[in-house]
Amino acid sequence: MRICRYVGLFLLGAALIAPAGMLAGNNYQEDRHQDDKHRDRDERHQKRYFDRNHKDYHNWDDREGRAYQQWTTENHRDNRDFSRLKRREQSEYWNWRHAHPDDDRDRH
(Lines give C-alpha, C1' and ligand atoms only; values in the text may rest on other atoms or scores of the structure.)
Protein backbone atom coordinates (compact mmCIF):
# COMPACT_ATOMS: atom_id res chain seq x y z
CA MET A 1 0.00 0.00 0.00
CA ARG A 2 2.79 2.43 0.82
CA ILE A 3 4.34 2.01 -2.62
CA CYS A 4 1.03 2.88 -4.28
CA ARG A 5 0.78 6.01 -2.13
CA TYR A 6 4.32 7.13 -3.04
CA VAL A 7 3.78 6.43 -6.73
CA GLY A 8 0.49 8.33 -6.60
CA LEU A 9 2.14 11.33 -4.89
CA PHE A 10 4.98 11.26 -7.42
CA LEU A 11 2.57 11.22 -10.37
CA LEU A 12 0.49 14.01 -8.82
CA GLY A 13 3.61 16.15 -8.28
CA ALA A 14 4.80 15.51 -11.82
CA ALA A 15 1.37 16.43 -13.18
CA LEU A 16 1.46 19.73 -11.29
CA ILE A 17 5.05 20.63 -12.25
CA ALA A 18 4.93 19.63 -15.96
CA PRO A 19 2.79 22.58 -17.20
CA ALA A 20 5.19 25.09 -15.62
CA GLY A 21 8.12 23.45 -17.38
CA MET A 22 6.28 23.44 -20.67
CA LEU A 23 5.47 27.16 -20.36
CA ALA A 24 9.11 27.96 -19.66
CA GLY A 25 10.15 25.94 -22.71
CA ASN A 26 7.60 27.73 -24.91
CA ASN A 27 8.82 31.16 -23.76
CA TYR A 28 12.38 30.15 -24.56
CA GLN A 29 11.35 28.96 -28.03
CA GLU A 30 9.41 32.20 -28.66
CA ASP A 31 12.45 34.30 -27.66
CA ARG A 32 14.66 32.33 -30.04
CA HIS A 33 12.04 32.66 -32.77
CA GLN A 34 11.88 36.44 -32.28
CA ASP A 35 15.70 36.69 -32.44
CA ASP A 36 15.77 34.60 -35.62
CA LYS A 37 13.00 36.70 -37.15
CA HIS A 38 14.89 39.95 -36.49
CA ARG A 39 18.13 38.53 -37.86
CA ASP A 40 16.35 37.25 -40.99
CA ARG A 41 14.69 40.64 -41.49
CA ASP A 42 18.06 42.42 -41.19
CA GLU A 43 19.66 40.05 -43.67
CA ARG A 44 16.75 40.42 -46.11
CA HIS A 45 16.99 44.22 -45.94
CA GLN A 46 20.71 44.29 -46.66
CA LYS A 47 21.20 44.65 -50.38
CA ARG A 48 23.88 42.83 -52.30
CA TYR A 49 25.03 43.84 -55.78
CA PHE A 50 27.03 41.93 -58.34
CA ASP A 51 29.84 43.80 -60.08
CA ARG A 52 29.97 42.32 -63.59
CA ASN A 53 33.33 43.80 -64.58
CA HIS A 54 35.15 42.64 -61.46
CA LYS A 55 33.00 39.52 -61.01
CA ASP A 56 32.41 40.03 -57.31
CA TYR A 57 29.61 40.92 -54.93
CA HIS A 58 29.28 44.05 -52.80
CA ASN A 59 27.15 44.24 -49.66
CA TRP A 60 25.41 47.60 -49.46
CA ASP A 61 25.89 48.84 -45.91
CA ASP A 62 26.59 52.20 -44.28
CA ARG A 63 30.21 52.13 -45.41
CA GLU A 64 29.19 51.52 -49.03
CA GLY A 65 26.58 54.27 -48.72
CA ARG A 66 29.24 56.75 -47.61
CA ALA A 67 31.52 55.73 -50.48
CA TYR A 68 28.63 56.15 -52.93
CA GLN A 69 27.93 59.61 -51.48
CA GLN A 70 31.59 60.53 -52.01
CA TRP A 71 31.44 59.23 -55.60
CA THR A 72 28.35 61.32 -56.40
CA THR A 73 30.04 64.42 -54.98
CA GLU A 74 33.36 63.89 -56.78
CA ASN A 75 31.66 63.15 -60.10
CA HIS A 76 29.02 65.89 -59.82
CA ARG A 77 26.13 63.42 -59.95
CA ASP A 78 22.68 63.56 -58.45
CA ASN A 79 22.48 61.48 -55.29
CA ARG A 80 19.90 59.00 -56.57
CA ASP A 81 19.22 55.59 -55.12
CA PHE A 82 21.95 53.26 -56.42
CA SER A 83 19.44 50.61 -57.47
CA ARG A 84 17.82 53.11 -59.83
CA LEU A 85 21.02 53.92 -61.72
CA LYS A 86 21.51 52.54 -65.21
CA ARG A 87 23.79 49.54 -65.50
CA ARG A 88 26.50 51.70 -67.10
CA GLU A 89 26.41 54.15 -64.20
CA GLN A 90 26.55 51.34 -61.65
CA SER A 91 29.54 49.92 -63.48
CA GLU A 92 31.25 53.33 -63.37
CA TYR A 93 30.68 53.43 -59.62
CA TRP A 94 32.12 49.93 -59.08
CA ASN A 95 35.18 50.84 -61.15
CA TRP A 96 35.66 53.94 -58.99
CA ARG A 97 35.02 51.89 -55.85
CA HIS A 98 37.73 49.38 -56.69
CA ALA A 99 40.13 52.26 -57.25
CA HIS A 100 39.13 53.78 -53.87
CA PRO A 101 39.04 50.96 -51.30
CA ASP A 102 38.29 51.66 -47.64
CA ASP A 103 41.25 52.53 -45.43
CA ASP A 104 41.14 49.29 -43.44
CA ARG A 105 40.21 47.06 -46.41
CA ASP A 106 37.80 46.86 -49.30
CA ARG A 107 34.78 44.93 -47.99
CA HIS A 108 32.61 43.02 -50.43
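Residues numbered from 1 in each chain as written. Predicted model: local features only at pLDDT ≥ 70, side-chain atom pairs only at ≥ 80, totals over all residues. Heavy atoms only, no water.

Peer 1: So what exactly am I meant to see when it comes to unusual backbone geometry here?
Peer 2: Residues other than glycine predominantly adopt negative phi, and peptide bonds predominantly adopt the trans conformation. Even without glycine at this site, Lys 55 takes up a positive phi of about 55°. Here Lys 55 is to be found in the loop between β1 (47–51) and β2 (56–60). If you check the backbone angles, His 76 has positive phi at about 50° while not being a glycine. Mapped onto the secondary structure, His 76 falls in the loop between α2 (62–74) and α3 (87–99). The class for His 76 is exposed, based on a relative accessible area of 76%. (Helix = DSSP H or I, 4+ residues; strand = E, 2+ residues; numbered from the N terminus. Buried < 20%, exposed > 50% of the residue type's maximum accessible area, 1.4 Å probe, protein only.)

Peer 1: Would you explain α2 in this entry?
Peer 2: Every α-helical turn comprises 3.6 residues, leaving residues that sit three or four positions apart pointing alike. Compared with an ideal rise of 1.5 Å per residue, which puts 13 residues at 18 Å, α2 spans 18 Å between its outermost C-alpha atoms and is within 8% of the ideal. For α2, the set of buried residues is Glu 64, Ala 67, Tyr 68, Trp 71 and Thr 72. Angular distribution of buried residues about the axis of α2 spans 140°; they occupy a single face of the element. What points out from α2, more than 90 degrees from its buried face, is the exposed set Asp 62, Arg 66 and Thr 73. Each element contacted by the buried residues of α2 is listed here: β2 and α3. (Expected span 1.5 Å × (residues − 1). Arc of directions from axis to C-beta. Contact = heavy atoms within 4.5 Å.)

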